[in-house]
Amino acid sequence: MRALVIDDSRAMRRIVGSILEDFGYETRQAGDGRQALDVLEEGYLPDLACVDWNMPVMDGLQFVSAVRSNPAYRSVTLMMVTTESETSQIVRALAAGAHEYMIKPFTADAMRDKLALLGLLPQEVSL
Amino acid sequence: MSEHASSLVQQPITDVLDATTVQRIADDVWTALVGDGEVLVPLPVPAPEQTVSAWVQITGPWCGAVVVTCDQPTGVALTECLLRARPPAVIEPEDVDDALGELANVLGGNVKSLLPEPSSLGLPQTGPTPPASRPEDLCRVDAQWRGQSLTITVQGATGAPHAERNEVPQ
């Protein structure tokens, strides 16, 4: 499985990417929504995109809306991974087209549970 | 005080949260980001002379910042942990800015969730420790990580309106 990790923090990209790689994912990274769209336009179509909310250039909500408006990216599952934890913000993200929502800080176990809910946990991990 | 003036008054942060709450948030952040078994011990040690700070600003009914402050070597060590770097890793100054900024960002996001809505979070910034507002509008955790001083403050913006400024002079 392939994942695109989108966060303006290199440290957070490393943390999220490391967790996903432990679960068997191949990962790529992008520093903001615009860079992430460039990756998609190059033809890299991930199974999962982990999307930070607050980023320069193009934020996570704008990225989610852009992906959802393009039928070519319909197969990409979008998970917001953010510090925005208010219910109103979660509703905004889900309304924009995010499938799942993860609040920072989180543990690897929490990520595994979310992936399992989405059916995106490789079988060898879920066993 | 008029109704209009009252609406401009910023409630002190200590009315909303205390140091114990900030410590609890930090405990979760340390475990998740810094690493399993990494503990921010709530026992102050002497503050270093030279420090680096990272912070995020919060704007809304309460305006201020969540600030993380430590010395440079501690910042580098934290960065190594966040980047999952194995020594001898090359840690650049921008890596330290990024890692401390992300710590401030996650701490700030969790603090924001306790504040009245609507509040918004700015992007992380780093630099000299920003000046604190009045003591009444400041919540501070003096702690140590790996024996070194680390401070987390939730501090009102210096320009934020406070009750005293809006009171009608006697």
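Look above for the structure.
Note that the coordinates shown come from a computational prediction; the quantities given were computed from them, not determined experimentally.

Caption draft 1: Fine view of helix H2 (residues 19–34) of chain B. All of the buried residues along H2 of chain B are Thr21, Val22, Gln23, Ile25, Ala26, Val29, Trp30, Ala32, Leu33 and Val34 of chain B. Just beyond H2 of chain B, the residue with positive phi is Gly35 of chain B, at close to 145 degrees.

Caption draft 2: Fine view of the side chain of Thr82 of chain A. When you line up the elements, Thr82 of chain A lands in strand E4 (residues 77–82). Among the residues examined, Thr82 of chain A registers a relative accessible area of 0% and is labelled buried.

Caption draft 3: Looking closely at the nonpolar core. Counting residues in hydrophobic clusters, the biggest one holds 60 residues, and the most contacted among them are Leu20, Leu48, Met111 and Leu115 of chain A together with Trp30, Leu78 and Leu103 of chain B. No other element matches helix H4 (residues 93–112) of chain B, which puts 8 residues into this core. The residues touching Leu115 of chain A, leaving out its near neighbours within four places in the chain, are Leu20, Phe23, Tyr25, Leu48, Met79, Leu120 and Leu121 of chain A. Tyr44, Tyr73, Ala96 and Ala98 of chain A belong to the second largest nonpolar core, which has 25 residues in total.

Caption draft 4: Region of interest: the sheet that holds strand E2 (residues 26–30) of chain A. Residue and element names in this part refer to chain A. Spatially, 5 strands are ordered E2-E1-E3-E4-E5 in an open sheet, and the strand pairing comes out parallel. The outermost strands of the open sheet, each flanked by one partner alone, are E2 and strand E5 (100–103). Strand after strand, the sheet turns through a mean of 20 degrees between neighbouring axes, direction not considered. In this sheet, E5 lies alongside E4 in parallel orientation, the contact comprising 4 bridges. If you follow Val81 over to E5, its bridge partner there is Met102.

Caption draft 5: Up close: the pairing of strand E2 (residues 64–70) of chain B. Residue and element names in this part refer to chain B. With 7 of 7 residues buried, E2 is to be regarded as a mostly interior element. Of the two faces of E2, both are covered, the one formed by Gly64, Val66, Val68 and Cys70 as well as the one formed by Ala65, Val67 and Thr69. As paired elements, strand E1 (residues 52–59) and E2 share 7 bridges and run antiparallel to each other. Among the inter-strand pairings, Trp55 is bridged to a residue of E2, identified as Val67. Once E1 ends, the chain turns through 4 residues before running back antiparallel as E2, passing Gly60 with a positive phi of about 160 degrees. Examined bridge by bridge, E2 and strand E6 (residues 148–156) share 7 bridges and lie antiparallel to one another. Bridge pairing in E6 links Val67 to Thr153.

Caption draft 6: Local environment of the interface of chain B and chain A. Counting from both sides, the interface comprises 20 residues of chain B and, opposite them, 19 residues of chain A. Summed over the three residues of chain B that lose the most area to chain A, namely Leu83, Glu102 and Leu123 of chain B, the buried surface amounts to 26% of that side. The partner of Glu102 of chain B in a salt bridge is Lys104 of chain A, with the nearest N and O atoms 3.0 Å apart. At the level of elements, H2 and H4 of chain B are the ones that each hand at least two residues to the side of chain B that touches chain A. In terms of residues, the side of chain B that touches chain A owes the most to one element, H4 of chain B, which gives 9 residues. Across the side of chain B that touches chain A, the residue classes tally to 9 nonpolar, 4 polar and 7 charged.

Caption draft 7: Structural view of empty space enclosed by the protein. All names here are of chain A. Within this structure, the stated rule accounts for 1 cavity of 30 Å³ or more. Its volume calculated, the largest cavity comes out at about 40 Å³. Lining the largest cavity we find Val5, Ile6, Asp7, Val16, Cys50, Val51, Asp52, Val81 and Lys104. When its residues are assigned to classes, the lining of the largest cavity shows 6 nonpolar, no polar and 3 charged.

Caption draft 8: Representation of the layout of surface pockets within the structure. The space that makes up the largest pocket amounts to roughly 410 Å³. With 4 residues, helix H1 (residues 10–22) of chain A is the largest single contributor of residues to the lining of the largest pocket. Elements with a contribution of two residues or more to the lining of the second largest pocket: E2, strand E5 (138–145) and E6 of chain B. The residue inventory of the lining of the second largest pocket, partitioned by class, reads 11 nonpolar, 7 polar and 2 charged.

What counts and how
Residues numbered from 1 in each chain as written. Chains lettered and ligands numbered in written order. Predicted model: local features only at pLDDT ≥ 70, side-chain atom pairs only at ≥ 80, totals over all residues. Heavy atoms only, no water. Buried < 20%, exposed > 50% of the residue type's maximum accessible area, 1.4 Å probe, protein only. Helix = DSSP H or I, 4+ residues; strand = E, 2+ residues; numbered from the N terminus. Core = buried A, V, L, I, M, F, W, Y, C linked by side-chain atoms within 4.5 Å. Contact = heavy atoms within 4.5 Å. Pairing = 2+ DSSP bridges. Axes fitted to C-alpha atoms, helices over the stretch in contact; angles between N-to-C directions. Buried area = accessible area lost by both parts, 1.4 Å probe. Salt bridge = Lys/Arg side-chain N within 4 Å of Asp/Glu carboxyl O. Nonpolar A, V, L, I, M, F, W, Y, C, P; charged D, E, K, R; others polar. 1 Å grid on protein atoms, 1.4 Å probe; cavity = no way out; pocket = protein on both sides within 12 Å on 5 of 7 lines; lining within 4 Å. Points joined across faces, edges and corners; volume = space filled by probe spheres on them.

Everything listed here is a matter of coordinates, which is why it stays silent on function.
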